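Structure at a glance
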Amino acid sequence: MGFDQYHEPPEELPQETRTFARLCASLTEEAEAIGWYHQRLALEADPEARAVMADAVDEEYKHFSMNLEALFRRTPTWREIARGVLFRDGDIVEHAEAAEAAVAEGGDGFPDEAAPADDSLGIGSLREAGRS
Ligand SMILES: [Fe+2]
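The structure reproduced in this document is the subject of the present report. Note that the structure is predicted; figures quoted are calculated from it, not measured. (Residues numbered from 1 in each chain as written. Predicted model: local features only at pLDDT ≥ 70, side-chain atom pairs only at ≥ 80, totals over all residues. Heavy atoms only, no water.)

Turning next to the overall build of the protein. Secondary structure summary: the protein contains four helices and zero strands in total. Ordered by position from N to C terminus, the α and β elements of the protein give α-α-α-α. When the 132 residues of the protein are sorted by exposure, 29% land in the buried category. Summing over all exposed atoms, the protein offers an accessible surface of approximately 9,100 Å²; the carbon and sulfur share of this is 55%. (Helix = DSSP H or I, 4+ residues; strand = E, 2+ residues; numbered from the N terminus. Buried < 20%, exposed > 50% of the residue type's maximum accessible area, 1.4 Å probe, protein only. Areas by Shrake-Rupley, 256 points an atom, 1.4 Å probe, with all protein chains shown as cover.)

This is how it looks when you write it as structure tokens:
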């Protein structure tokens, strides 16, 4: 078992930081698996093998999404920036810059003109907790 997910001595890290690092490592592994399955599917011609791999990559999408959501729940600032970027049409970079600026100004990650209907979970009050 590797311990590469730690950049600092693990025995000095709080438990919640070690858990966070494990989730980050899992997220990376799920993203790598998605990329590998996409490469395999791009080359595989056998229909049965393709069906198995297509089913497997769907599982990896689920795993990646669960890891990401778990990280968002532990990091309100990250979640707020992601809310300004994810599942939106238009220019990704512009959305990201606006979300980052809105969070830096104490907003919720959405620029005022692009704010969706109120689906806030009161995350803004947790912002400072996510910056430790
Ligand atoms: Fe997975």
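Next up on the list: the coordination of the iron ion. In this structure, Glu 30 (OE), Glu 60 (OE) and His 63 (ND1) serve as the protein donors to the iron ion, at separations of 2.0 to 2.2 Å. Read in sequence order, the donor residues for the iron ion give the motif E-x29-E-x2-H. Residue Glu 60 and its partner His 63 are located together in helix H2 (residues 47-74), separated by three residues, close to a single helical turn. (Donors = N, O, S within 2.8 Å, 3.2 Å for Na, K, Ca; no water.)

Tracing the chain through its elements places Ala 21 in helix H1 (residues 15-43). What makes Ala 21 buried here is its relative accessible area of 14%. Each C-alpha atom of the pair Ala 21 and His 7 lies 9.1 Å from the other, and the pair is 14 residues apart in sequence. Not counting residues within four places of it along the chain, the set of residues in contact with Ala 21 comprises Gln 5 and Tyr 6. (Contact = heavy atoms within 4.5 Å.)

What follows is about the nonpolar core. By size, the foremost hydrophobic cluster in this structure holds seven residues: Leu 23, Leu 27, Leu 68, Ala 70, Leu 71, Phe 72 and Ala 82. The set of elements that each furnish at least two residues to this core consists of H1 and H2. Ranked by residue count, the leading element in this core is H2, at four residues. The residues contacting Leu 71, other than those within four sequence positions of it, are Phe 20, Leu 23, Cys 24, Leu 27 and Trp 78. In terms of nonpolar packing, the next biggest core, distinct from the first, is built from six residues, Ile 34, Leu 41, Met 53 and Val 57 among them. (Core = buried A, V, L, I, M, F, W, Y, C linked by side-chain atoms within 4.5 Å.)

Moving on, we come to the pattern of salt bridges. Tallied over the entire structure, the rule returns three salt bridges. As a salt-bridge pair, Glu 59 and Lys 62 come within 3.1 Å of each other at their nearest N and O atoms. Of this pair, Glu 59 and Lys 62 are both found in helix H2, three residues apart, which corresponds to roughly one turn of the helix. Take Glu 59: its relative accessible area is 33%, and that puts it in the partly exposed class. By relative accessible area, which is 40% here, Lys 62 ends up partly exposed. Residue Glu 69 is joined to Arg 79 by a salt bridge in which the shortest nitrogen-to-oxygen separation is 2.9 Å. Linking Glu 69 in helix H2 with Arg 79 in helix H3 (residues 76-85), this pair joins segments that are 10 residues apart in sequence. Looking at Glu 69, the relative accessible area reads 25%, which means it is partly exposed. Connected through salt bridges with shared partners, the residues Glu 69, Arg 73 and Arg 79 form a single ionic network. (Salt bridge = Lys/Arg side-chain N within 4 Å of Asp/Glu carboxyl O.)

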